[in-house]
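What follows is each chain in one-letter form.
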Amino acid sequence: IVNSLEKESFIVENVKHSQKKRQPSSPFTTSTMQQEASRKLSFTAQKTMRVAQQLYEGVEISGVGTTGLITYMRTDSLRISEDARKLATELIKNQFGEAYLPKTPRYFKSKASSQDAHEAIRPTNPNLKPEQVKESLSLDQFKLYKLIWERFIASLMHEQVLDVVSVDIKAGEHLFKTSESKVRFDGFAVLY
């Protein structure tokens, strides 16, 4: 192929401009938390659950007292309480600005087979930012809490908007395709 291309002219056949929207991921379920903690933090599933259990049962936070930082960590539900949604929405508006809130609140559908007894895994108080509690947590607790907090807040934020340029280039009987995207609006990606 390389040899046959040496004599060919490369001709741009098609250029397409489009816009792509990337939606944020849903808040964590047990399995998605384990997968993401493995991918981003190199935690085993057992370590993730052990640290999550500590965050759920409660950690001594200076100036606050013993506080359970996350909701129950064994769940396959994507439901979020309206109180938590309201607190997170206010936090997004205050910290990032109104533009970072979607026009209509985002709701996630749980699988039909899911048990809906517990909410999705989220911070019990979205206003307790990871940096505020860092000094009271072990390194592993901080890393997992930050991951859960950021994923939850990002899940309720505006989508990311990308400007995409796709190009088809013909050379003899070969067709090459390439595309490039540029961020128009970072949306949830500003955080996660």
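Structure: above.
Residues numbered from 1 in each chain as written. Predicted model: local features only at pLDDT ≥ 70, side-chain atom pairs only at ≥ 80, totals over all residues. Heavy atoms only, no water.

A. Representation of the sheet that holds strand E5 (residues 174–185) in the model. With respect to topology, 3 strands assemble into an open sheet ordered E1-E4-E5, the strand pairing being antiparallel. Because the sheet does not close on itself, it has two edges, and the strands there are strand E1 (11–22) and E5. With strand direction ignored, the average angle separating the axes of adjacent strands in the sheet is 20°. Bridge analysis of E1 against strand E4 (residues 160–171) gives 11 bridges, and the strand direction is antiparallel. Bridge pairing links Arg-22 to Gln-160 in E4. (Pairing = 2+ DSSP bridges. Helix = DSSP H or I, 4+ residues; strand = E, 2+ residues; numbered from the N terminus. Axes fitted to C-alpha atoms, helices over the stretch in contact; angles between N-to-C directions.)

B. Structural context of the side chain of Arg-122. Among the structural elements, Arg-122 can be located in the loop between helix H4 (82–95) and helix H5 (130–133). Look at Arg-122 and you get buried, because its relative accessible area is 7%. Within the local environment of Arg-122, its side chain forms a polar contact with the side chain of Ser-81, the two groups lying 3.5 Å apart. A polar side-chain atom of Arg-122 sits 2.7 Å from a polar atom in the side chain of Glu-119. Once residues lying within four places of it in the same chain are set aside, the contact partners of Arg-122 are Leu-69, Ile-70, Thr-71, Ile-80, Ser-81, Ala-84, Ile-148 and Phe-152. (Buried < 20%, exposed > 50% of the residue type's maximum accessible area, 1.4 Å probe, protein only. Polar contact = N/O pair within 3.5 Å; in protein donor to acceptor, adjacent residues only side chain to side chain. Contact = heavy atoms within 4.5 Å.)

C. Layout of the packing of helix H2 (residues 30–41) against helix H6 (residues 139–155). Two elements in contact, H2 and H6, have axes whose closest approach is 11 Å; the angle formed by their N-to-C orientations is 120°. For the element pair H2 / H6, the angle class is oblique. Of the two elements, H2 crosses H6, and the hand of that crossing is right-handed. In this structure, H2 contributes Thr-32, Met-33, Glu-36, Ala-37, Lys-40 and Leu-41 to the contact, and H6 contributes Lys-143, Leu-144, Leu-147, Ile-148 and Arg-151. For the contact of H2 with H6, the residue count by class is 6 nonpolar, 1 polar and 4 charged. (Parallel < 35°, antiparallel > 145°, perpendicular 65-115°, else oblique. Left-handed = near helix turned anticlockwise from the far one by under 90°. Nonpolar A, V, L, I, M, F, W, Y, C, P; charged D, E, K, R; others polar.)

D. Molecular detail of H4. With 14 residues, H4 extends 20 Å from end C-alpha to end C-alpha; this agrees with the ideal 20 Å at 1.5 Å per step. Those residues of H4 that fall on the buried side of the exposure criterion are Ala-84, Arg-85, Ala-88, Leu-91 and Ile-92. Projection of H4 onto a plane perpendicular to its axis shows the buried side chains occupying an angular sector of 130°, all on one side. In this structure, H4 carries Asp-83, Lys-86 and Asn-94 as exposed residues pointing more than 90 degrees from its buried face. (Expected span 1.5 Å × (residues − 1). Arc of directions from axis to C-beta.)

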